[in-house]
Structures are given as C-alpha cells and as structure tokens.
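Fold and geometry: a report
Given next are the chains, with one letter for each unit.
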Amino acid sequence: MVPFSILDLSPVAEGSTVSQSLESSARMARKAEEFGYKRFWLAEHHGMPGIASAATAVVIGHVGAATKSIRIGSGGVMLPNHSPLVIAEQFGTLEALFPGRVDLGLGRAPGTDMRTAQALRRNLEAGANSFPNDVVELQQLLGKPVENQAILAVPGNGSHVPIWLLGSSLYSAQLAAMLGLPYAFASHFAPDMLLDAIAIYRDRFQPSATLDKPYVMVGVMGAVAATDEEARYHFTSAQQQFVNLRRNVRGPFPRPVADMETFWSPMEKMNVEHTLRYAVVGSPETAEAKLTAFLKETQADEVIISMPIHDIEARLKSVELFAGLGNFLRVAA
C-alpha cells in the first residue's frame, strides 16, 4: 500500500479567523492520525490573507502537541528566506519536543511575492544560488558535531532530523539525487515537469547515509465527498483561489460556489484546469480511479494530499474518505 500523507496550509476560510484556522489544522491532524496517515506537513507562505502557516515551525509545534504519533513537518520551509542555523535550531527544538516524529522539507522558492520576500530581508539573488550549500550546511548543523566545530545548533546538533527536498522543476530533483535525499514533487500545483523530474531523480540518485535508494513523494489536490457533485462543489474554493492568485486578488480562502462558469473566464478556466489536472475530486469510486491512474503513471512511493475545502467538517470527512481509498488501492494491486 502506498502511504498517504497530508499537506496543510492552515487555510483562513472566508468568515473565519486565524485562531479558528489554526484550531482546524489541529483537528485535521488528529483526524489524519486516527485514520492512519503517515505525515502531516505544513507549508511556508507569506503575505497571503488566506493562509495562516507563515510561522511554519510554530504551527508544526501546535499540531504536534495536538497529536501523539503521526509524523509532523514542513512541506516546506523556504530555506532561502532563512539562515540554516535558525532552521536547525527550530527543528532541533521540535525534535526535542516530539522525538522521532519530525521531518524537514525544504524548498527553494520564496513562498510569496517579491516585495514580501524583500521584507523578509532575503537576498533574492544569493538566496536561491546558495541553496545547495545551505542544504549541506543544514545537514551538518543537524548531524553529529565534529571535533572543534565552530558553530553549533543548540538545540539541533545530533538531532538528525530527516531532510527532504521539495521541487516543482528539475533543479531540486538533480540536487536531491546528488545528495541522496528523499524527494517530493509539487504536482498538486505544478504538474508540467513531474515525470521528467522523477525520471532524473531516479536515474541520477546516489545512495547516502540518509537513503540507500530513491524515495519519491508526489502531491495532489483532493476533495472527496459522498457524491461527485458535492466534491466538485467543495473544490470550487480551490479553483477560485487559483483564479484570484492570477488576478492578484488577495483575500481569505473563498466559500464554494454553485457554478464556476459565472466566476472565471474561458482562458482562466483552461489555465486552472491545466494546473490542477492531477486533482483527485469526486466520490470514493471516482477518486479511486483517478488516484490509481496517477500512481500507475508515477510509481510514487508516497502521496501527499492537500485538501483545500472551505468547511472544516467537509474537510474532515474528506480526510476520512481519502483514507478509505487505501482499501481500494490494495484490492487493485
């Protein structure tokens, strides 16, 4: 059985507050733990009124305290925004609080617009270019200290928090292969290079002390409900969010609508449907068929699912129904 995990952005739903959004993330993590998901990851975004996970390590601690056994982590921390030492201290602290449960997924993008990136005191050019060196530095800071090591992450050193590389292009696939790290592709919103990136990662993978063979995680957006119609209705929130992003309209995570045709233009519809072409939306039967085809195409080792659903009760139901797809997939296998 291919493990299922969850990627959460602590969506600030229209009509709710940040406090309610963070509590919903804790509820979702508990539900994921109950139904056997492997990981619950949170993503770093900045300056977005519909996303409450900007202080990613803090929110990871929040969901860690709300759960007991599920792995928790970042999907991801945008490393060029930060000093590797600061991230080592943050995740070393999380590992001390939640031993054996913490993952550190790293991305190379800013996770925001350029003005906000500059407000983060990020050197836009140097940050991305130094990413490989920063990853190696972070590995050293989280590993066992060597004799006379000048800089120590405390907490952090000796914690050996597992590092993942995340990507939506070929760059991180090559770096993950070279460093022998597990690799997660953001196919839930950037599908175009998925198969090429996976092929490069697998072909060029170099075994390491971390990993002896390639390990690929793929992302999907998802909304599963009792019927196809209900699932499509809930998924209109995500579709609106992607249209708003392209329109540069900032706001909370929108309520679903009965008819998207009244909201988007034909060109916007084409672009969003292309971007979200791997989305798993529908009844359990429909979702099972879509997910089976996706896994057959990618041969992924793990699937991480983002469930952008406005209503928390419907979101929790989708978590439950998605977990049930594992039974279908076992039968199909």
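To be clear, the structure that these remarks concern was listed above.
What this report covers is the structure whose coordinates are included nearby. (Residues numbered from 1 in each chain as written. Predicted model: local features only at pLDDT ≥ 70, side-chain atom pairs only at ≥ 80, totals over all residues. Heavy atoms only, no water.)

Focus: the pattern of salt bridges
Quick note on the threshold: The salt bridge definition used is simple: a Lys or Arg side-chain nitrogen within 4 Å of an Asp or Glu carboxyl oxygen. Put simply, DSSP marks the helices as runs of H or I at least four residues long and the strands as runs of E at least two long, and each gets a number from the N terminus on. Three labels apply to residues, based on accessible area from a 1.4 Å probe with only protein chains included: buried if under 20% of the type maximum, exposed if over 50%, partly exposed otherwise in between.
Under the defined criterion, the tally for this structure stands at 11 salt bridges. Two residues, lysine 317 and glutamate 320, come together in a salt bridge whose shortest N-O distance is 3.7 Å. Note that lysine 317 and glutamate 320 are positioned in helix 12 (residues 312-332) at a spacing of 3 residues, about one turn of the helix. When its relative accessible area of 41% is taken as the criterion, lysine 317 is described as partly exposed. Linked through salt bridges whose partners overlap, the residues forming this network are Arg39, Arg71, Asp103 and Glu302.

Details of the environment of glycine 50
The following threshold applies: Residues count as neighbours in contact if any of their non-hydrogen atoms are within 4.5 Å of one another.
You can see glycine 50 is positioned in the loop between strand 2 (39-42) and helix 2 (56-66). Between the C-alpha atoms of glycine 50 and alanine 13, which are 37 residues apart in sequence, the distance is 6.6 Å. In this view, glycine 50 contacts Ser10, Pro11, Val12, Gly251, Pro252 and Phe253; residues no more than four positions away in its chain are not counted.

Points about the packing of aromatic side chains
Applied cut-off: The rule is short: rings of Phe, Tyr and Trp, with Trp giving its six-membered ring, pair when the centres are within 6.5 Å, and they are stacked under 30 degrees, edge-to-face over 60, tilted in between. The rule for a charge over a ring is simple: NZ of Lys or CZ of Arg within 6 Å of the ring centre, and within 35 degrees of the ring normal.
Evaluation of the coordinates by the stated rule reveals 8 aromatic pairs. Arranged with centres 6.5 Å apart and planes meeting at 45°, the rings of phenylalanine 4 and tyrosine 37 form a pair that is tilted. One end of the pair, phenylalanine 4, is in strand 1 (residues 4-8); the other, tyrosine 37, is in the loop between helix 1 (18-34) and strand 2, with 33 residues separating them in the sequence. Classification of phenylalanine 4 by relative accessible area gives buried; the value is 5%. Residue tyrosine 37 is classed as buried on the basis of its relative accessible area, which comes to 5%. For the ring pair phenylalanine 4 and phenylalanine 322, a centre distance of 6.4 Å and an interplane angle of 85° mean the geometry is edge-to-face. Note that phenylalanine 4 is positioned in strand 1 and phenylalanine 322 in helix 12, a separation of 318 residues in sequence. With respect to class, phenylalanine 4 is no different from phenylalanine 322; both count as buried. Here a set of aromatic residues connected by ring pairs shows up, and it is made of Tyr183, Phe185, Tyr201 and Phe205. The side chain of arginine 108 reaches across the aromatic face of tyrosine 171, ending 3.8 Å from its centre.

Some points on the side chain of arginine 71
Test applied: Think of a polar contact as two N or O atoms within 3.5 Å of one another; within protein, one of them needs to be a possible hydrogen donor and the other a possible acceptor, and neighboring residues in sequence only count if both atoms come from side chains.
Counting through the fold element by element, arginine 71 comes out in strand 3 (residues 71-78). A distance of 2.8 Å separates a polar side-chain atom of arginine 71 from the backbone oxygen of glycine 100. A distance of 3.0 Å separates a polar side-chain atom of arginine 71 from the backbone oxygen of valine 102. In this structure arginine 71 touches Lys38, Arg39, Phe40, Gly100, Arg101, Val102, Asp103 and Pro162, once residues within four positions along its chain are discounted.

A few points about the pairing of strand 2
Rule in force here: In short, DSSP must find at least two bridges between two strands for them to pair. By convention, a crossover is right-handed whenever its connection, traced from the first strand over the helix to the second and viewed with the strands pointing away, goes clockwise.
The alternating pattern of strand 2 places Arg39 and Trp41 and Phe40 and Leu42 on opposite faces, both of which are buried. In this structure, strand 1 lies alongside strand 2, joined through 3 bridges in parallel fashion. Its bridge partner lying in strand 2, aspartate 8 is registered against leucine 42. Following the backbone out of strand 1, through helix 1 and into the adjacent parallel strand 2, one traces a crossover that is right-handed. Examined bridge by bridge, strand 2 and strand 3 share 4 bridges and lie parallel to one another. Paired with tryptophan 41 across the bridge in strand 3 is glycine 73. Handedness of the strand 2-helix 2-strand 3 crossover: right-handed.

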